[in-house]
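Letter by letter, the chains look like this.
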Amino acid sequence: MLPPELPPLPALTRAEAELIDRYLDVVDLLGRINPALDGDTYRGLRAAQALVGKATALRDALTLMHQRGEHELHAATLARALRVLDGERRTARVTLPPYSGS
C-alpha cells in the first residue's frame with residue numbers, strides 16, 4: 001500500500017520557490033538552536049554557524065524577488081506551499097513547547 005499522495009505545490013515563480021526553500025532552511029536551523037528543546041550545545045553551535053549563510057541566501061532570494069518587480073508576497077499561496085512542504089511541523093520547533101507545569 002502506497003502512502004497518501006501529497007497535494008501538489010501551488011504554482012510559484014522561481015523566485016517564490018527559492019524564497020520558500022531558503023525560509024525553511026532558516027526555520028530548520030532555528031529549530032535546532034531553540035533553547036527550549038532538548039539537545040546539546042554543539043548541535044546548536046553548528047546550526048548557529050550555518051544560520052549566517054542560510055540567512056544570507058534568504059536575503060538574496062527576497063532581493064531577487066524585489067529586483068524582478070515581485071513587490072508583494074502572496075501569503076495564501078505561499079502558506080499552501082509551506083504546508084505541502086511540512087512547514088507546520090518544521091516551524092513548530094521554533095516556538096516554545098506547551099507549558100508542562102513542573
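The structure under discussion appears in the preceding block.
So, how was this worked out
- Residues numbered from 1 in each chain as written.
- Predicted model: local features only at pLDDT ≥ 70, side-chain atom pairs only at ≥ 80, totals over all residues.
- Heavy atoms only, no water.
- Helix = DSSP H or I, 4+ residues; strand = E, 2+ residues; numbered from the N terminus.
- Buried < 20%, exposed > 50% of the residue type's maximum accessible area, 1.4 Å probe, protein only.
- Lys, Arg positive; Asp, Glu negative; His and termini not counted.
- Salt bridge = Lys/Arg side-chain N within 4 Å of Asp/Glu carboxyl O.
- Polar contact = N/O pair within 3.5 Å; in protein donor to acceptor, adjacent residues only side chain to side chain.
- Contact = heavy atoms within 4.5 Å.
- Axes fitted to C-alpha atoms, helices over the stretch in contact; angles between N-to-C directions.
- Parallel < 35°, antiparallel > 145°, perpendicular 65-115°, else oblique.
- Left-handed = near helix turned anticlockwise from the far one by under 90°.

1. Comments concerning the side chain of Glu16
Note that Glu16 resides in helix H1 (residues 14-33). Although Glu16 is buried, it forms no salt bridge, and the closest oppositely charged side chain is Arg68 at an N-O distance of 9.5 Å. Within the structure, the side chain of Glu16 is placed 2.9 Å from the backbone nitrogen of Thr13, a separation counted as a polar contact. The contacts of Glu16, once residues within four sequence positions are left out, are Ala11, Met65, Glu70, His74 and Leu78.

2. Focus: the packing of H1 against helix H3 (residues 75-84)
Look at H1 against H3: their axes get within 11 Å of each other, and the N-to-C directions meet at 50 degrees. It follows that H1 is oblique to H3 by the angle criterion. The hand of the H1/H3 crossing is right-handed. Side by side, H1 and H3 meet where Glu16, Leu19, Ile20, Tyr23 and Leu24 of the first sit next to Leu78, Ala81 and Leu82 of the second.

3. What about the environment of Ala75?
Relative to the helices and strands, Ala75 is located in helix H3. On the accessibility criterion, Ala75 (56% relative accessible area) is exposed. With 71 residues separating them in the primary sequence, Ala75 and Pro4 have C-alpha atoms 26 Å apart.

4. Some remarks on the environment of Asn34
Positionally, Asn34 belongs in the loop between H1 and helix H2 (41-67). Residue Asn34 is classed as buried on the basis of its relative accessible area of 10%. The spatial distance from the C-alpha of Asn34 to the C-alpha of Pro98 is 14 Å, given a sequence separation of 64 residues. Not counting residues within four places of it along the chain, the set of residues in contact with Asn34 comprises Arg93, Val94 and Thr95. Reaching out from Asn34, the side chain makes a polar contact with the backbone oxygen of Val94 at a distance of 3.3 Å.

All quantities given are derived from atomic positions and should not be read as evidence of function.
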